[in-house]
Amino acid sequence: MEKRTEGLVIRVTGKEIWVDAGSETVACLLRGRFRRVKEGRVVAGDRVEISRSPSGGGAIESIRPRRSWLSRYTGGRNAASRVIAANLDLLFLVESLKVPNLSCSFADRVLVSAGHGRVPTQICLNKIDLDPGSEEAESVVRLYGTLGYSVISTSAKTGQGLPQLASLLGKGIYAFVGRSGVGKSSLLNRLVPGLDLSVREVAAGTGRGRHTTAYSQLFALADGYVADTPGMQTFGFPGEDEGELAGCFPEFEDLAATCRFQPCTHSHEPDCAVKEALREGRIAASRHDSYLDMLRELRERKKMRYA
Ligand code: GDP
Ligand code: ZN
């Protein structure tokens, strides 16, 4: 009799899927029809049902629908939208106040990707010790707070905000995303003492030399997991639709219904309620700029495809 078990995908290589089935980790083979699910390939974080062969190996029999997923579009030679991890419970978007200087553009891109994949996001404004109480820090906390995001000012150096962050980590699947040098590994190190080794592995994955189609994997983090996010320094909008992009900007939502043209892309159209709000300062210029950048990229991408 074939034995079936449920498990969590913790690592996907070119050929094999490693599934944590509770008491053991099983190497499963990909069967043709499960190579692709609706959102892309099977990735770390997917919940699967596997069957066991007498030899100890396994095969994926079914994949549970994803609650959330983190994906992004990467340009270049193998341009495509790719899912990085599935079923994330919380994404920590790490920004730094200084060194490197704050980048709302990067933050907005991550927020759009996370929103698109229904991943809840916690913003960490790290290195707050470098300029505490500055107008810049306060305006960022205010801006994203107004948009409905939770923002915590942190310092991996002084420990500020760390108990708050630690209280958010449980048995779930998490991801730490941010530009190189913002302090992701430093925060992880302080949050989970004794994690040194795997943190370094995660950190090693933040740069150079790793292909964008590299393994998708989870590392154990306290009671839960943290998704590896190798080289995630660019975040193109993972969707295809202009309206969907606008939908990832919560402050546009109510206004969009009152634009003269329907649908409106809030870029060139007259009597656009979003642009009106922008002129009146009810929408931040940095946010509208981020939106326009992503809109332009989406259009260029489509033009290339149909050229
Ligand atoms: P990562 O690339 O995002 O993983 O960043 P790292 O954790 O490697 O940190 C990059 C640099 O910033 C290191 O020199 C850290 O010591 C420093 N750093 C990290 N967090 C803080 C912080 O909260 N305050 C200050 N002053 N420096 C920090
Ligand atoms: Zn409009």
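What counts, and at which threshold
Residues numbered from 1 in each chain as written. Chains lettered and ligands numbered in written order. Predicted model: local features only at pLDDT ≥ 70, side-chain atom pairs only at ≥ 80, totals over all residues. Heavy atoms only, no water. Helix = DSSP H or I, 4+ residues; strand = E, 2+ residues; numbered from the N terminus. Buried < 20%, exposed > 50% of the residue type's maximum accessible area, 1.4 Å probe, protein only. Contact = heavy atoms within 4.5 Å. Areas by Shrake-Rupley, 256 points an atom, 1.4 Å probe, with all protein chains shown as cover. Near = heavy atom within 4 Å. Polar contact = N/O pair within 3.5 Å; in protein donor to acceptor, adjacent residues only side chain to side chain. Nonpolar A, V, L, I, M, F, W, Y, C, P; charged D, E, K, R; others polar. Lys, Arg positive; Asp, Glu negative; His and termini not counted. Salt bridge = Lys/Arg side-chain N within 4 Å of Asp/Glu carboxyl O. Donors = N, O, S within 2.8 Å, 3.2 Å for Na, K, Ca; no water. Tetrahedral: all angles 85-135°; square planar, octahedral: opposite > 155°, others 65-115°. Core = buried A, V, L, I, M, F, W, Y, C linked by side-chain atoms within 4.5 Å. Domains from an automatic or database assignment. Axes fitted to C-alpha atoms, helices over the stretch in contact; angles between N-to-C directions. Left-handed = near helix turned anticlockwise from the far one by under 90°. Pairing = 2+ DSSP bridges. Expected span 1.5 Å × (residues − 1).

(A) Molecular detail of the overall build of the protein chain. When helices and strands are tallied, the protein chain shows nine helices and 15 strands. When the 307 residues of the protein chain are sorted by exposure, 51% land in the buried category. Residue pairs at least 24 apart in sequence account for 67% of intrachain contacts in the protein chain once pairs closer than 6 positions are excluded. Within the structure as shown, the protein chain displays about 14,900 Å² of accessible surface, and the carbon and sulfur contribution to it stands at 52%.

(B) Focus on the site of ligand 1. Within the structure, ligand 1 sits among 15 residues, and Asp129, Ala156, Gly181, Ser185 and Ser186 are positioned closest to it. In this structure, serine 155 approaches ligand 1 through a side-chain N or O atom, which is 3.4 Å from an oxygen atom. In isolation ligand 1 has 580 Å² of accessible area, and contact with the protein removes 70% of it. Residues of the shell around ligand 1, tallied by class, amount to three nonpolar, seven polar and five charged.

(C) How the structure looks around the side chain of glutamate 269. Within the fold, glutamate 269 resides in the loop between helix H7 (253-256) and helix H8 (273-279). One buried charged side chain, glutamate 269, makes no salt bridge at all; its nearest oppositely charged neighbour is lysine 275, positioned 5.5 Å away. At 3.3 Å, the side chain of glutamate 269 and the backbone nitrogen of histidine 266 are in polar contact. Among all residues touching glutamate 269, those that are not within four sequence positions of it are Phe261, Cys264 and Lys275.

(D) Expanded view of the coordination of the zinc ion (ligand 2). Coordination of the zinc ion (ligand 2) by the protein is provided by Cys259 (SG), Cys264 (SG), His266 (ND1) and Cys272 (SG), with metal-donor distances spanning 2.1 to 2.4 Å. Each of the four donor atoms around the zinc ion (ligand 2) contributes to a set of angles spanning 105 to 114 degrees, which defines the coordination as tetrahedral. In primary-sequence terms, the residues that donate to the zinc ion (ligand 2) follow C-x4-C-x1-H-x5-C. Residue histidine 266 shares its accessibility class with cysteine 272, and that shared class is buried.

(E) How the structure looks around the nonpolar core. Leu70, Leu88, Leu91, Tyr144, Val177 and Leu218 are the most contacted members of the largest nonpolar core, which has 35 residues in total. A total of six residues in this core trace back to one element, the largest contributor, which is helix H1 (residues 104-116). Counting the residues that make up this core, at least three belong to each of domain 1 (4-63) and domain 2 (69-228).

(F) Quick look at the environment of arginine 11. You can see arginine 11 is positioned in strand S1 (residues 3-12). Taking C-alpha positions, arginine 11 is 9.7 Å from alanine 227, a pair spaced 216 residues apart along the chain. Once residues within four sequence positions are removed from consideration, arginine 11 is found in contact with Glu16, Ile17, Trp18, Tyr215, Ser216 and Gln217. Polar side-chain contacts of arginine 11 include one of 2.7 Å to the side chain of glutamine 217.

(G) Molecular detail of the packing of H1 against helix H9 (residues 285-306). Packing of H1 against H9 leaves a shortest axis separation of 9 Å and a crossing angle of 65 degrees. The two elements H1 and H9 cross, and the hand of that crossing is right-handed. Here H1 contributes Cys104, Ser105, Asp108, Arg109, Leu111 and Val112 to the contact with H9, which in turn contributes Ser286, Arg287, Ser290, Asp293, Met294 and Glu297. Tallied by class, residues from the contact of H1 with H9 come to four nonpolar, three polar and five charged.

(H) Fine view of the pairing of strand S7 (residues 58-63). Buried residues dominate S7, accounting for six of its six residues. Inspection of the sheet shows strand S6 (residues 47-52) paired to S7 by five bridges, in the antiparallel sense. What sits directly across from valine 48, in S7, is isoleucine 63. With antiparallel pairing between neighbouring strands as the criterion, S6 and S7 make up a hairpin whose turn holds five residues, including glycine 56 at a positive phi of roughly 105 degrees.

(I) Spatial organisation of H9. For H9, with 22 residues, the first-to-last C-alpha span of 32 Å sits near the 32 Å given by 1.5 Å per residue. Close packing links the buried residues of H9 with strand S8 (69-74), H1, helix H2 (135-146), helix H6 (242-247) and H8.

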